[in-house]
Amino acid sequence: MLGLISLTSSGALLADPVALPSCRGATRSPPSPVLLAAPAPNRRDALAGAALAGASLAATPTSAQAAAKAPTWAPVQLPLATEAPILFDIEFDEANPKNGFIVGNKGTFLQTTDGGSSWQAKSFANLDPDEEINYRFTKMSFRDGEGWIIGKPAILLHTRDSGASWERVPLSPKLPGDPYNVVALGPGKAEMSTSAGAIYTTDNSGRNWKAQVRETIDATLNRVSSSGVQGASYFSGSINDIQRDADGSYLAVSSRGNFYLTYRPGDEFWIPHNRGASRGITSMGVVKSRLAD
């Protein structure tokens, strides 16, 4: 009993046993070759085939051309002075694309002025070094030379000169939740959201903030827990993920992942939505950077 072994496109070996007659004491003459005559193509078919083959070769880039167009990556050394560093965000200044920043845990704050080829460790002049190492800077946003940084414990930093100097913006001790996201919107303007679903805007560089929603997510769910939103009564007061689209609408996922919430500019409250499936989720996104899509 012999077998045929073939390799599939997925790389699996397939064995197919085939019974062959015994060859003991006998010789088998090799099979005679068989010639098959194919019909000769006419002139029109031959020219058409040649044209298609030429077009296919012309449209297919050579391996050298593909390699030349392929993006290349190179490792960059970062001056990280802390053990077990965790980097949370990277951002470049629209006014100067070569000017960028990286933030992370244990007070990590790095700057590049050459588009990311090299980085330098920086510190904030208005933070004591012993105090700064206790912060984990999580998010930042730049627009036209103006930037914002948030972190934990609750902290907000602001620059008007592309990061040359920073000021600490006071935050109320009654701020619901921790700063979760910040978006630079223009000169002196920014929007900040918290882990409790509070949303605030400022148009005077953070001296005053205006609440965009009348209550936090947990207050909304406590109020509407009998409205049919599954899991609303088990809400723990925090959310796993908040996404902001290009129009200022928000999408949030509950900490248990059993429902999600939406907010659009002009709404007074977050709107909870049931999920059609029982499986919990940890994050959601938007299509084309817009919740409406």
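Higher on the page you've got the structure.
Residues numbered from 1 in each chain as written. Predicted model: local features only at pLDDT ≥ 70, side-chain atom pairs only at ≥ 80, totals over all residues. Heavy atoms only, no water.

Draft legend 1. Quick peek at the sheet that holds strand E11 (residues 179-186). Spatially, the 4 strands line up as an open sheet ordered E11-E12-E13-E14, and their pairing is antiparallel. Edge strands, defined here as strands with exactly one partner in the open sheet, are E11 and strand E14 (210-211). When strand E12 (residues 189-194) meets strand E13 (residues 199-202), the two strands line up antiparallel, connected through 4 bridges. Bridge pairing links Glu191 to Thr201 in E13. (Pairing = 2+ DSSP bridges. Helix = DSSP H or I, 4+ residues; strand = E, 2+ residues; numbered from the N terminus.)

Draft legend 2. Fine view of the pattern of salt bridges. One pass over the full model with this rule turns up 4 salt bridges. Notably, a salt bridge pairs Arg244 with Glu191, separated by 2.6 Å at the nearest N-O pair. With a gap of 53 residues between them, Arg244 in strand E15 (residues 239-244) and Glu191 in strand E12 connect regions that are remote in the sequence. Here Arg244 falls in the partly exposed class, since its relative accessible area comes to 24%. Look at Glu191 and you get buried, because its relative accessible area is 9%. Two residues, Glu268 and Arg214, come together in a salt bridge whose shortest N-O distance is 3.2 Å. Highlighted residues: Glu268 in the loop between strand E17 (259-263) and strand E18 (271-274) and Arg214 in the loop between E14 and helix H4 (217-224), separated in sequence by 54 residues. (Salt bridge = Lys/Arg side-chain N within 4 Å of Asp/Glu carboxyl O. Buried < 20%, exposed > 50% of the residue type's maximum accessible area, 1.4 Å probe, protein only.)

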